[in-house]
Amino acid sequence: MTMLKIENLRIDIATQNGTLHAVRGVDLEVEKGEVVGIVGESGCGKSLTAMGLLGLLPRSAQRSADRIRFLERDLTKASVAELRGIRGNRIGMIFQDPMTALNPSYTIGDQLTEGYLHHRKTARKEAVERAIYLLNRTGITAARSRLSQYPHQLSGGLRQRIVIAMALMCEPDLIIADEPTTALDVTVQAQILRLIKDIQAEMAAGVIIITHDLGVVAQMADRVAVMYAGEVVEAGPTHSIFAAPQHPYTIGLLSCMPDAARRGRLGQIPGVVPSLIGERKGCAFRTRCPHATQPCRADIAIHRRAGGHSWRCTIPDQTANTRKS
Ligand SMILES: Nc1ncnc2c1ncn2[C@@H]1O[C@H](COP(=O)(O)OP(=O)(O)OP(=O)(O)O)[C@@H](O)[C@H]1O
Ligand SMILES: [Mg+2]
């Protein structure tokens, strides 16, 4: 069952230099119980896509979409009150920096139970029991005594576990995790990703995981959407994206993955992401693309293959070029 279907999402931000078209017609689907990764370099519109779906955007931003269907509703038509009822309740959010998600002046217990009490209108005792259950579930020891602690008394890894527990309090149908582990060291990172994956499987929740790290995508995602300069340039099942990437940008990202030969150092695609200010024609990646030709300046067709693999490129099959790039 498709639980989320975003069609033609656009987000424009008014800036001093003109309108910044940060998200340029993004389509994205999440099935029940599926993990979808959104991957791409910094500034390509990953976070805004997620925030746009929830209606959490800066004042200077304007959103439009043909449809954002979540379960049985169209979120483009939802009122502010309806959206508030969905956020933190049917959709749980986990952000990169736990300190921005946690309020330094409230106890862990208050923060964990607040949303649950608001959405469920239950007795405090029930909310506290649920919080303790989830703290245990996220691998936090001495859970009950943590409830009276403040965020600054905890390590980064513990804080991130608490943010995860917080996102899960109301048993959301969809979890959005925006760079949930970038602030953590590698061992803790692996534990947290494992935890999100386990809980997701247990609850059969849909997950959108946003990352610039293809390693995270390989470990977590069933399907991937690769974003570049505000567009999804390639999307498909994780195994086909890794085995037969089609868009030169995806191929570039994959060739930048750390490997043993490079001693774990991340490579970089040469060149810079184009400005997002103003309208654009043709492929945004052509300025950095090793295969760019004249047709790349015109509108780009989307190629689709069986199995749901699609990409936007003038080259209908990149397989022959994959080894060279
Ligand atoms: N409040 C804002 N005002 C102006 N521009 C913004 C604002 N928020 C985001 N942008 C711009 O919109 C674009 C997309 O931003 P977004 O945060 O979605 O990128 P991202 O893919 O999540 O990047 P990162 O990997 O660094 O988190 C960027 O060019 C960014 O500079
Ligand atoms: Mg971001």
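Residues numbered from 1 in each chain as written. Chains lettered and ligands numbered in written order. Predicted model: local features only at pLDDT ≥ 70, side-chain atom pairs only at ≥ 80, totals over all residues. Heavy atoms only, no water.

## A closer look at the side chain of asparagine 89
Part 1: Relative to the helices and strands, asparagine 89 resides in the loop between α2 (80-86) and β7 (91-94).
Part 2: In terms of polar contacts, asparagine 89 uses its side chain to reach the backbone carbonyl oxygen of glycine 85, at 3.0 Å.
Part 3: A polar atom in the side chain of asparagine 89 sits 3.5 Å from the side chain of arginine 90.
Part 4: Not counting residues within four places of it along the chain, the set of residues in contact with asparagine 89 comprises His119, Arg120, Cys170, Glu171 and Pro172. (Helix = DSSP H or I, 4+ residues; strand = E, 2+ residues; numbered from the N terminus. Polar contact = N/O pair within 3.5 Å; in protein donor to acceptor, adjacent residues only side chain to side chain. Contact = heavy atoms within 4.5 Å.)

## Remarks on the domain arrangement of the protein chain
Part 1: For the protein chain, the assigned domains are domain 1 (2-90 + 170-322) and domain 2 (101-169).
Part 2: The distance between the C-alpha centroids of domain 1 and domain 2 comes to 29 Å.
Part 3: Between domain 1 and domain 2, the contact holds 20 residues from the first and 16 residues from the second.
Part 4: Taking both sides of the interface into account, the surface hidden between domain 1 and domain 2 amounts to around 1,400 Å²; carbon and sulfur atoms contribute 60%. (Domains from an automatic or database assignment. Buried area = accessible area lost by both parts, 1.4 Å probe.)

## Comments concerning the pattern of salt bridges
Part 1: Per the counting criterion, the structure on display carries 14 salt bridges.
Part 2: A salt bridge links aspartate 173 to arginine 90; its shortest N-O distance comes to 2.6 Å. Residue aspartate 173 is found in the loop between α7 (156-168) and β8 (174-178), and its partner arginine 90 is found in the loop between α2 and β7; the two are separated by 83 residues along the sequence.
Part 3: Exposure remark for aspartate 173: the relative accessible area of 24% places this residue in the partly exposed category. (Salt bridge = Lys/Arg side-chain N within 4 Å of Asp/Glu carboxyl O. Buried < 20%, exposed > 50% of the residue type's maximum accessible area, 1.4 Å probe, protein only.)

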